[in-house]
Amino acid sequence: MAEVVIVKDAAAAGALVAEEIVRLVRADPEVVLGLATGSTPLPVYEALRPRLDGVDVSRVRGFALDEYVGIDPAHPESYRSVITREVVEPLGLDPARIRTPDGSPDGIEHHGDDYEAAIRAAGGIHLQILGIGTDGHIGFNEPGSSFASLTRVKTLTERTRLDNARFFDAIDDVPRHCITQGLGTILRARHLVLLAFGEGKADAVAGAVEGPLSASLPGSAIQLHPHATVVVDEAAASRLEHADYYRYTFENKPEWQGL
Ligand code: PGA
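Bear in mind that the values here come from a model prediction, so they are computed numbers and not experimental data. (Residues numbered from 1 in each chain as written. Predicted model: local features only at pLDDT ≥ 70, side-chain atom pairs only at ≥ 80, totals over all residues. Heavy atoms only, no water.)

*Asks:* Sorry, what's going on with helix α7 (residues 202-210) here?
*Replies:* Spacing of three or four residues puts side chains on the same side of an α-helix, whose turn is 3.6 residues. By the criterion of burial, α7 is predominantly enclosed, with 7 of the 9 residues buried. When we look at burial in α7, the residues that qualify are Ala-202, Ala-204, Val-205, Ala-206, Gly-207, Ala-208 and Val-209. (Buried < 20%, exposed > 50% of the residue type's maximum accessible area, 1.4 Å probe, protein only. Helix = DSSP H or I, 4+ residues; strand = E, 2+ residues; numbered from the N terminus.)

As structure tokens, then:
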């Protein structure tokens, strides 16, 4: 199962995950990172900034999880713009090496396959950062997504559209479709790091970590992965039945195991 690390707050989670990413970049300057958007991964990107000072990031490669379909890439809420603003620019990455799925409607039926091919050509993703939606989605794999799914177009649930409406002027501006890495794509990454903060994520986290494997809760797919780490604050951990065991395990973790 996933390793669950319960930390005191989002900043502590950010520091923990950033340390691991820095270790990867130092070990392999061409490391391939799986990047996530949303508010959850922001503490990781913030913690990375000072830690990457003086580290050569010019060859780091990255793949975003998802993109809205039909949004102008220049729109401030396209995931291309978000990744550029929150990750590429602050960390000084090479924009040409950081990809997001192509959400332009023209030829959309091929964009998923193209993205899969690009990930394969890069040698696969080393560390995939994940958030989780209140409905249990990872990437934009909404409930019902196949565990074998690859990058493709999905229809967003109304709940996700409402959750994301805060980024737009009006709910009607939130796109109805997205193109997202599939659960099968995500499961191919070598290390999954799922983060969640706050009471609102507690049910989704409990379902993903301890619930039955179910396409109805796409985050539960992480249980199939041999190296998945779930980093949560106390509030997001509050419905985990075995929270005390996870704390005990992490406190007694052998140093050599790393994250
Ligand atoms: P959030 O979104 O980080 O903005 O809460 C998570 C997600 O939808 O995956």
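*Asks:* Hey, could you run me through the layout of surface pockets in this one?
*Replies:* Taking a probe equal in size to a water molecule and rolling it over the atoms shows the remaining empty space. Considering only enclosed or pocket space, the largest pocket measures out at about 380 Å³ in volume. Around the largest pocket sit 22 residues that line it, and Gly-38, Ile-132, His-137, Asn-164 and Lys-201 are the ones nearest its centre. The dominant element in the lining of the largest pocket, judged by the number of residues it contributes, is helix α5 (residues 158-164), at 3 residues. Along the lines of polarity and charge, the residues of the lining of the largest pocket split into 7 nonpolar, 11 polar and 4 charged. (1 Å grid on protein atoms, 1.4 Å probe; cavity = no way out; pocket = protein on both sides within 12 Å on 5 of 7 lines; lining within 4 Å. Points joined across faces, edges and corners; volume = space filled by probe spheres on them. Nonpolar A, V, L, I, M, F, W, Y, C, P; charged D, E, K, R; others polar.)

*Asks:* Which parts of the structure should I look at to understand the site of the ligand?
*Replies:* Around the ligand, the neighbouring residues are Gly-38, Ser-39, Thr-40, Gly-131, Ile-132, Gly-133, His-137, Arg-166 and Lys-201. Between His-137 and the ligand, the recorded distance is 2.6 Å, taken from a side-chain N or O atom to an oxygen atom. Take Arg-166: an N or O atom from its side chain is 3.0 Å from an oxygen atom of the ligand. Coverage of the ligand by the protein amounts to 83% of the 280 Å² it exposes when considered alone. Among the cavities detected, the one that contains the ligand is the largest pocket. Partitioned by chemical class, the residues of the shell around the ligand number 1 nonpolar, 6 polar and 2 charged. (Near = heavy atom within 4 Å. Polar contact = N/O pair within 3.5 Å; in protein donor to acceptor, adjacent residues only side chain to side chain. Areas by Shrake-Rupley, 256 points an atom, 1.4 Å probe, with all protein chains shown as cover. Sits in = over half its atoms within 2 Å of the grid points.)

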